[in-house]
Amino acid sequence: MHLSRFSRLLAVLVLVSGGAALSQPQQRRQLNSYQDTEMTLEERNAARARPKSNINAYTKDIKVKEEPIPWKAIGLAVIAFAVTAPFAWRAYKGTTRDIAAANTFGVSSSRGSEDASEQ
């Protein structure tokens with residue numbers, strides 16, 4: 001029970017001191033330092049005549065490195081598919097033949113002859 005009171009007191013002290021530390025102004029900026037002065041006609045024309053800043057202008061000198069097409073990987077994939085395609089076709093045909101032979105819906109001709117021979 002004593003430990004519980006101590007931990008509650010510690011939690012309250014941490015929250016109060018943390019809140020006080022965060023609420024202190026670190027460095028206040030003077031927002032009133034901006035002086036709204038009227039520009040003369042010459043100053044406005046000079047500001048308009050200045051070249052506009054382009055944030056993408058730095059990319060003129062940068063060369064974009066293009067990744068080459070991975071021809072070796074593409075060729076290896078084509079060869080792998082060409083080698084495995086006949087085996088896959090043979091397995092597909094064998095599986096469809098087995099499924100067609102094991103058709104459980106309806107009466108197949110092989111079942112009808114087996115049932116007739118048993119009687």
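Since the structure is predicted, the reported quantities are computational estimates derived from the model, not experimental observations.

Engineer: Honestly, the overall build of the chain in this entry has me stumped. Any pointers?
Structural biologist: A count of helices and strands for the chain gives four helices and zero strands. In the chain, the succession of α and β elements from N to C terminus is α-α-α-α. Counting only residues that meet the buried cut, the chain has 1% of its 119 residues in that class. If you sum the accessible surface of the chain, you get close to 12400 Å²; carbon and sulfur atoms cover 61% of it.

Engineer: Honestly, helix α3 (residues 71–101) in this entry has me stumped. Any pointers?
Structural biologist: Helical periodicity: at 3.6 residues per turn, an α-helix aligns residues three or four positions apart in one direction. For α3, spanning 31 residues, the distance from its first C-alpha to its last is 44 Å, which sits close to the expected 45 Å at 1.5 Å a residue. Considering bend angle alone, the principal kink of α3 is centred on Thr-84 and spans about 35°; proline Pro-86 follows within four residues of it.

Engineer: Any chance you could explain the confidence of the model for the chain here in plain terms?
Structural biologist: The predicted coordinates ought not to be read in detail in places where the model reports low pLDDT. Averaged over every residue, the pLDDT of the chain is 76; the share at 70 or more is 62%. Element-level pLDDT for the chain is lowest in helix α4 (residues 109–118), with a mean of 54, against a maximum mean of 95 in α3.

Cut-off values and rules
Residues numbered from 1 in each chain as written. Predicted model: local features only at pLDDT ≥ 70, side-chain atom pairs only at ≥ 80, totals over all residues. Heavy atoms only, no water. Helix = DSSP H or I, 4+ residues; strand = E, 2+ residues; numbered from the N terminus. Buried < 20%, exposed > 50% of the residue type's maximum accessible area, 1.4 Å probe, protein only. Areas by Shrake-Rupley, 256 points an atom, 1.4 Å probe, with all protein chains shown as cover. Expected span 1.5 Å × (residues − 1). Bend = angle between axes of the 7 residues up to and from the residue. pLDDT = per-residue confidence, 0-100.

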